[in-house]
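Secondary and tertiary structure notes
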Amino acid sequence: MSDAIEIVVNAKVLRVEPGVTVASALLNNDHHVFRRSTTGEVRAPVCGMGICYECRVTINDVAHQRACMVTVEHGMRVDTGSAA
């Protein structure tokens, strides 16, 4: 991964492959909790094509972005709300 880019996930820097989706970048780095339901259940991508909305995260301070539909960019900030 010599041409990796850096994104910030829950205030931690991750080196990821360019051109992949945010969902892929998170999963490739063993990050499996994307959000929590209103009852506290863990949520993560199900469909991988934007239909299920289970992969919603905050990207660059914009809430409810579908991680499976957004391509990573250098310096991107991602918050899953599940850092704890």
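Residues numbered from 1 in each chain as written. Predicted model: local features only at pLDDT ≥ 70, side-chain atom pairs only at ≥ 80, totals over all residues. Heavy atoms only, no water.

1. Description of the pairing of strand E1 (residues 5–9)
The condition that has to hold: A 1.4 Å probe rolled over the protein chains alone gives each residue an accessible area, and that area as a share of the maximum for its type sets the label: buried under 20%, exposed over 50%, partly exposed in between. Strands here are runs of E lasting at least two residues and helices are runs of H or I lasting at least four, both read from the DSSP assignment and numbered beginning at the N terminus. Note on pairing: two strands pair once DSSP finds at least 2 bridges between them.
Only one face of E1 is covered, namely the face carrying Ile5, Ile7 and Val9; the face carrying Glu6 and Val8 is uncovered. Pairing analysis gives five bridges linking E1 to strand E2 (residues 12–16), with the strands arranged antiparallel. From the neighbouring strand, Ile5 faces E2, where its bridge partner is Val16. Once E1 ends, the chain turns through two residues before running back antiparallel as E2, passing Asn10 with a positive phi of about 50°.

2. A word on the pairing of strand E5 (residues 56–59)
Alternating positions in E5 separate cleanly, Val57 and Ile59 being buried on one face and Arg56 and Thr58 remaining unburied on the opposite face. The turn joining E5 and strand E6 (residues 62–66), which pair antiparallel and follow one another in sequence, is formed by two residues; a positive phi near 50° is taken by Asn60. Of the pairings in the sheet, the one linking E5 to strand E7 (residues 77–79) comprises two bridges and is antiparallel in character. Considered in E7, the bridge of Thr58 is made with Asp79.

3. Describing the side chain of Thr80
Convention followed: Here, two residues are considered to be in contact whenever any of their heavy atoms come within 4.5 Å of each other.
As for its position among the elements, Thr80 is in the segment after E7. For Thr80, a relative accessible area of 6% translates into the label buried. Among residues more than four places away in sequence, those in contact with Thr80 are Asn10, Leu26, His31, Val33, Phe34, Arg35 and Val57.

4. As for the sheet that holds E5
Note on sheets: strands pair through backbone hydrogen bonds, and any given pair is parallel or antiparallel. Basically, it comes down to this: To obtain an axis, a line is fitted to C-alpha atoms, over the contacting stretch when the element is a helix, and the angle between two such axes runs from 0 to 180 degrees between their N-to-C directions.
With respect to topology, five strands assemble into an open sheet ordered E2-E1-E7-E5-E6, the strand pairing being mixed. Two strands in the sheet have a free side with no partner beyond their single neighbour: E2 and E6. Sheet twist, expressed as the mean angle between neighbouring strand axes with direction ignored, is 40°.

5. Remarks on unusual backbone geometry
At Asn60, a residue that is not glycine, the phi angle is positive and equals roughly 50°. Of note, Asn60 is situated in the loop between E5 and E6. The phi angle at Asp61 is positive, at roughly 70°, despite the residue not being glycine. Relative to the assigned elements, Asp61 resides in the loop between E5 and E6.

6. Focus: the pattern of salt bridges
Heads up, the rule is: Put simply, a salt bridge is a Lys or Arg side-chain nitrogen that is within 4 Å of an Asp or Glu carboxyl oxygen.
Summed over the entire model, instances satisfying the criterion amount to four salt bridges. If you follow the salt bridges from partner to partner, you end up with Arg35, Arg43 and Glu54 in one network.

7. Observations concerning the state of the cysteines
As a reminder of what qualifies: Here, the term disulfide refers to a pair of cysteine sulfur atoms separated by no more than 2.5 Å.
Taken as a whole and judged by the stated rule, the model has zero disulfides. Cys55 provides the cysteine sulfur closest to Cys68, a residue in no disulfide bond, and the two sulfurs are 3.7 Å apart. A relative accessible area of 9% places Cys68 in the buried class.

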